[in-house]
Amino acid sequence: MLLFRSEEDVAAWCVATGEPHGESLPLDQVWELSRAWYGDRMDPDFRGRTTDAVMKIFANVGLTSAFRHAG
Amino acid sequence: MTAPSLDDRDWQMRSFIYEFFVEHERPPQYDELARHFGIAAAEARLAYRRLHDHHALFLTPGADRILMANPLSAAPTSYRVHVAGRSLWANCAWDSLGIPAMLHTDARIKATYAYGEGQASYAITSGTLHGDSGVVHFPLPFLQWYDDLVHT
């Protein structure tokens, strides 16, 4: 996942590279996603995560395409 | 063939790998893991492969060296995270925020924008993000991530 200044830059980069245009989140939403995703990563009891749990995390931060495709 | 499932010892090894990675700013070699747990190097090597097969970490293709233990990268990237007196590489823009989230601490981050010139500086202070703005592009649906993890 790459960092861009703006959604316009994402679109230009996708045209320039031929890479698929997915979904973008502003950094503050990515921070919320990171806290949900990585907050328990070093807990001794961490045992991975089910697909359902992953989809809930994405949904909570508005990353909708993740589970559109996963469904 | 389905990979053997991970047992509690595997997860303990994974925890050791993460703690070592943060402490030393690099992942342990499998012989270092073997010494810590008092096991044979060959056994530690197999544990690395089991953890890789279950996406608990990712080995360098064709080698038994850790390349990624998300959000940490063993190789230099465009995302440098300064946290708790250490400097760590993040795998991607998302992971640059994943490191302070994982460690529950403040961080300063230097990142290179993927399009155009320039660097971004942002930080986490007491749980709040501030600094340069930006968007993170998620190019692939979640279920395809593990097909080509380096790409994402």
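Keep in mind that this is a model prediction, so the values were computed, not measured.

(A) Broad picture of the nonpolar core. Of all hydrophobic cores here, the largest spans 54 residues; its most connected members are Ala 93 and Val 136 of chain B. Among the elements that line this core, the one with the most residues is helix H4 (residues 93-103) of chain B, at 7 residues.

(B) Spotlight on helix H3 (residues 51-60) of chain A. Here H3 of chain A lies mainly on the outside; 1 of its 10 residues are buried. Looking one or two residues beyond H3 of chain A, the residue adopting positive phi is Gly 62 of chain A, at roughly 85°.

(C) Structural context of the environment of Ala 11 of chain A. With respect to the helices, strands and loops of the structure, Ala 11 of chain A is situated in helix H1 (residues 7-17). For the pair Ala 11 of chain A and Tyr 38 of chain A, spaced 27 residues apart in sequence, the C-alpha to C-alpha distance is 28 Å.

(D) Just the packing of helix H2 (residues 30-37) of chain B against helix H3 (residues 41-53) of chain B, in detail. Residue and element names in this part refer to chain B. Relative to each other, H2 and H3 sit at 115°, their axes nearing to 8 Å. Between H2 and H3, the interaxial angle falls into the category roughly perpendicular. Crossing of H2 against H3: the hand is right-handed. The residues of H3 that touch H2, namely those facing Tyr 30, Asp 31, Leu 33 and Ala 34, are Ala 41, Glu 43, Ala 44, Arg 45 and Tyr 48.

(E) Fine view of unusual backbone geometry. All names here are of chain B. Following Asn 70, the chain continues into Pro 71 via a peptide bond in cis, with omega recorded as 10°. With phi around 60°, His 55 is a residue other than glycine that occupies positive phi space. Inspection of the secondary structure puts His 55 in the loop between H3 and strand S1 (58-59).

(F) Expanded view of the confidence of the model for chain B. Mean pLDDT over chain B: 91, with 89% of residues reaching 70 or higher. Across the whole predicted complex the pTM is 0.90, and at the interface the ipTM reaches 0.88.

Scoring rules and cut-offs
Residues numbered from 1 in each chain as written. Chains lettered and ligands numbered in written order. Predicted model: local features only at pLDDT ≥ 70, side-chain atom pairs only at ≥ 80, totals over all residues. Core = buried A, V, L, I, M, F, W, Y, C linked by C-beta atoms within 7 Å. Buried ≥ 20, exposed ≤ 12 C-beta atoms within 10 Å, placed from the backbone. Helix = DSSP H or I, 4+ residues; strand = E, 2+ residues; numbered from the N terminus. Axes fitted to C-alpha atoms, helices over the stretch in contact; angles between N-to-C directions. Parallel < 35°, antiparallel > 145°, perpendicular 65-115°, else oblique. Left-handed = near helix turned anticlockwise from the far one by under 90°. Contact = placed C-beta atoms within 7 Å. pLDDT = per-residue confidence, 0-100.

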